[in-house]
Amino acid sequence: MIANAIHTKWKFIVEFEDEATGEIAGTLGEAADRDECELLVEDEMEYQRLRGNIRVTAEAVELCEQCEGEGSIPVEDGIVSICDACGGRIGVLSTFKRGRGAEMMSTQFHLRAAS
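Report follows, based on the coordinates. The structure presented is a predicted model; accordingly, all values stated were derived computationally and were not measured.

1. A closer look at the overall build of the protein
Here is step 1 of the chain: For the protein, the helix and strand inventory stands at one helix and seven strands.
Here is step 2 of the chain: Listing each helix as α and each strand as β along the protein from the N terminus yields β-β-α-β-β-β-β-β.
Here is step 3 of the chain: Put simply, 52% of the contacts in the protein that link residues at least 6 apart link residues at least 24 apart.
Here is step 4 of the chain: About 7,900 Å² of surface is accessible on the protein, with carbon and sulfur atoms providing 50% of the total.

Okay, structure coming up:
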């Protein structure tokens, strides 16, 4: 059996609440790998804390770089093709969450190979 690596990217959101106004907002970002994503998330969370925002939380997901977890890519006028990069895998490959005062939680989803 031959296993092909799926080229992936990470997308994240850091959500925060302005203590003075109660307004909830967020920052979106993207990274090439998990280490870079964790670093960007930690930097953004610290930046928001320093600005006085409260309830700072973050969530990140790893997706197929080509189809972004859709399993297919548009070809033309409503016609889609199964993603060659991931073989049509739908959804996230792994994820992590961070919250104020919480340990990092991580979930990794394993792909099953067809026999």
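From this point, things continue past the structure.
2. Remarks on the side chain of E44
Here is step 1 of the chain: Residue placement: E44 occurs in helix α1 (residues 34-50).
Here is step 2 of the chain: Within the buried core, E44 has no salt-bridge partner, and the shortest N-O distance to an opposite charge, that of R51, equals 6.6 Å.
Here is step 3 of the chain: A polar side-chain atom of E44 sits 3.0 Å from a polar atom in the side chain of T27.

3. Observations regarding the environment of V14
Here is step 1 of the chain: Tracing the backbone shows V14 in strand β1 (residues 8-18).
Here is step 2 of the chain: Under the relative-accessibility criterion, V14 is labelled buried at 0%.
Here is step 3 of the chain: Each C-alpha atom, one on V14 and one on A58, is 4.2 Å from the other, the two residues being 44 residues apart in sequence.
Here is step 4 of the chain: Once you skip the residues sitting within four places of it in the chain, V14 turns out to touch A25, G26, T27, V41, E44, M45, V56, T57 and A58.

4. Re the pattern of salt bridges
Here is step 1 of the chain: Inspection of the entire model under this criterion finds seven salt bridges.
Here is step 2 of the chain: Of the charged contacts in the structure, one is a salt bridge between R55 and E17, with a shortest N-O distance of 2.6 Å. Of the two residues, R55 is situated in strand β3 (residues 53-64) and E17 in strand β1; the sequence distance between them amounts to 38 residues.
Here is step 3 of the chain: Note on R55: relative accessible area 57%, which makes it exposed.
Here is step 4 of the chain: A salt bridge links E42 to R98; its shortest N-O distance comes to 2.9 Å. On the criterion of sequence distance, the pair formed by E42 in helix α1 and R98 in strand β6 (residues 94-99) is long-range, its members being 56 residues apart.
Here is step 5 of the chain: In this structure, a network of salt bridges that share partners links the residues K9, K11, E30 and E68.

What counts and what doesn't
Residues numbered from 1 in each chain as written. Predicted model: local features only at pLDDT ≥ 70, side-chain atom pairs only at ≥ 80, totals over all residues. Heavy atoms only, no water. Helix = DSSP H or I, 4+ residues; strand = E, 2+ residues; numbered from the N terminus. Contact = heavy atoms within 4.5 Å. Areas by Shrake-Rupley, 256 points an atom, 1.4 Å probe, with all protein chains shown as cover. Buried < 20%, exposed > 50% of the residue type's maximum accessible area, 1.4 Å probe, protein only. Lys, Arg positive; Asp, Glu negative; His and termini not counted. Salt bridge = Lys/Arg side-chain N within 4 Å of Asp/Glu carboxyl O. Polar contact = N/O pair within 3.5 Å; in protein donor to acceptor, adjacent residues only side chain to side chain.

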